[in-house]
Each structure stands twice: as structure tokens, then as C-alpha cells.
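Residue-level listing of the chains:
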Amino acid sequence: MASKPETTFTSSVHRHLPKDLHHEKMCNPYRGGTADCWYSGLKDLWVEYKFEVLPKRDTTLVPIDLSELQIEWLGSRYCEGRDVVVIVGCKEGGVIFTNLQWNFPLTKKDFQMRLMTRQQIAKWIVERTGGPP
């Protein structure tokens, strides 16, 4: 069975993480909205991953396809002071949305200007969590 593009993208970021940085895929069949992955270093980080095919036109918005439950969960955790982000991947790399920025999609041109490689995203995760304990 083929993996979904989001799963493939997430795995490709995880390949660049140190082996001793703890991370868990979150899956709760009884409650929707929980972020995809929890990273535990010196600090916690919650990440919702999305994967999008970039539009053809530079002025077209790149969608951030969050469900209402995901928007609510991420916003509530952010208001509690927790570190939550949305990472939108594409074939070329990905963009990290922090501080509720996921509520404001970018045009393709602006998205590409913020594009990071999978290795850069992994490095950012390590820095954000303070690295392995």
C-alpha cells in the first residue's frame, strides 16, 4: 500500500532528526483535531503536517487544509502557551507556520520565498525543542 504524500513528507523530515530526539505520531480515534506529531526535547513541540501541490500561478494562495477541529485544537493549545506549529510540505520542501500564521495562507510566490529544505526543517525542530534531553 502506497503512503500518502503527507506521511512521506513527514518521514522525509524525520530522517534528518537525531535518533535520540523523541517524537511520537499522535492518533486518537475518539477525538479529532490533535496535532500529527509530538516532539519532546528540552521543550515540547506539537506539529500538524500538511502536504500540498503548489498552484501554477504565483498569485494563487497555497491552501492550508486544516479541519475545524484541527484549527480549534491548535488555537486552544497556542492560547495555553504551548508550542504548536503547522508545517506545509510540497515536493520542493516546506514552510513552517508559527504563532497562528496558519490562519493566513500565503501566495505561491510568498510560500516559495519561505521554503525550507527537509533538512532545514529538521534542524529547526531540533533547535525549537532544545535538542534531545
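Refer to the structure above for everything that follows.
Quantities reported herein were computed from a predicted structural model and do not represent experimental measurements.

Here is what the cut-offs are and how they apply
- Residues numbered from 1 in each chain as written.
- Predicted model: local features only at pLDDT ≥ 70, side-chain atom pairs only at ≥ 80, totals over all residues.
- Heavy atoms only, no water.
- Helix = DSSP H or I, 4+ residues; strand = E, 2+ residues; numbered from the N terminus.
- Rg over C-alpha atoms; globule rule 2.2 N^0.38 Å.
- Buried < 20%, exposed > 50% of the residue type's maximum accessible area, 1.4 Å probe, protein only.
- Contact = heavy atoms within 4.5 Å.
- Areas by Shrake-Rupley, 256 points an atom, 1.4 Å probe, with all protein chains shown as cover.
- Pairing = 2+ DSSP bridges.
- Axes fitted to C-alpha atoms, helices over the stretch in contact; angles between N-to-C directions.
- Expected span 1.5 Å × (residues − 1).
- Phe/Tyr/Trp six-rings, centres within 6.5 Å; stacked < 30°, edge-to-face > 60°.
- Core = buried A, V, L, I, M, F, W, Y, C linked by side-chain atoms within 4.5 Å.

A. Region of the structure containing the overall build of the protein chain. Within the protein chain, the regular secondary structure consists of 4 helices and 5 strands. Put simply, the protein chain runs from its N terminus to its C terminus through helices and strands in the order α-β-β-β-α-β-β-α-α. Computed over C-alpha atoms, the radius of gyration of the protein chain comes to 14 Å, within 12% of the 14 Å expected from 2.2 N^0.38 for 133 residues, which places it in the range of a compact globule. Each principal axis of the C-alpha atoms in the protein chain carries an extent, and together these give about 45 × 35 × 30 Å. Buried positions account for 44% of the 133 residues belonging to the protein chain. Counted over contacts in the protein chain with a minimum sequence separation of 6, partners at least 24 positions apart contribute 58%. If you sum the accessible surface of the protein chain, you get close to 8,000 Å²; carbon and sulfur atoms cover 53% of it.

B. Looking closely at the pairing of strand β5 (residues 93-97). With respect to burial, β5 is a largely interior element, 5 of its 5 residues being buried. Burial of the side chains of β5 extends over both faces: G93, V95 and F97 are buried on one face and G94 and I96 on the other. As paired elements, strand β4 (residues 84-90) and β5 share 5 bridges and run antiparallel to each other. When the bridges of β5 are listed, I87 appears paired with I96. The turn linking β4 back onto β5 is made up of 2 residues.

C. Representation of the sheet that holds β5. Across the sheet, 5 strands lie side by side as β1-β2-β3-β4-β5; this open sheet has mixed pairing. Of all strands in the sheet, those bounded by a partner on one side alone are β1 (22-25) and β5. Across this sheet, the average inter-strand angle for adjacent strands is 25 degrees, counted without regard to direction. Sheet strands touched by helix α1 (residues 5-14): β1, β2 (37-40), β3 (44-51), β4 and β5. Its angle to β3, the strand with the most contacts, is close to 135 degrees.

D. Just helix α2 (residues 68-79), in detail. Taking 1.5 Å of rise per residue, 12 residues should cover 16 Å, and α2 covers 16 Å from first to last C-alpha, within 8% of that figure. Those residues of α2 that fall on the buried side of the exposure criterion are Q70, W73, L74, G75 and R77. Its buried side turned inward, α2 meets β3 and β4. Once α2 finishes, G81 follows within two positions and takes phi at roughly 95 degrees, a positive value.

E. View of the packing of aromatic side chains. Within this structure, the stated rule accounts for 4 aromatic pairs. Geometrically, the ring pair formed by F9 and F51 is tilted, given 6.2 Å between the ring centres and 55 degrees between the ring planes. One end of the pair, F9, is in helix α1; the other, F51, is in strand β3, and 42 residues separate them in sequence. Among the residues examined, F9 registers a relative accessible area of 2% and is labelled buried.

F. Summary view of the nonpolar core. Grouped together as the largest cluster of nonpolar side chains are 18 residues, with contacts concentrated most on I64, L74, V86, F97, W102 and F111. When residues of this core are traced back to their parent elements, those giving at least two are α2, β4 and β5. With 4 residues, the single largest contributor to this core is β4. Apart from residues lying up to four places away in sequence, V86 is in contact with E48, I64, L66, L74, V95, I96, F97 and W102. One finds L17, Y39, V85 and A122 within the second-largest nonpolar core, a separate group that totals 16 residues.

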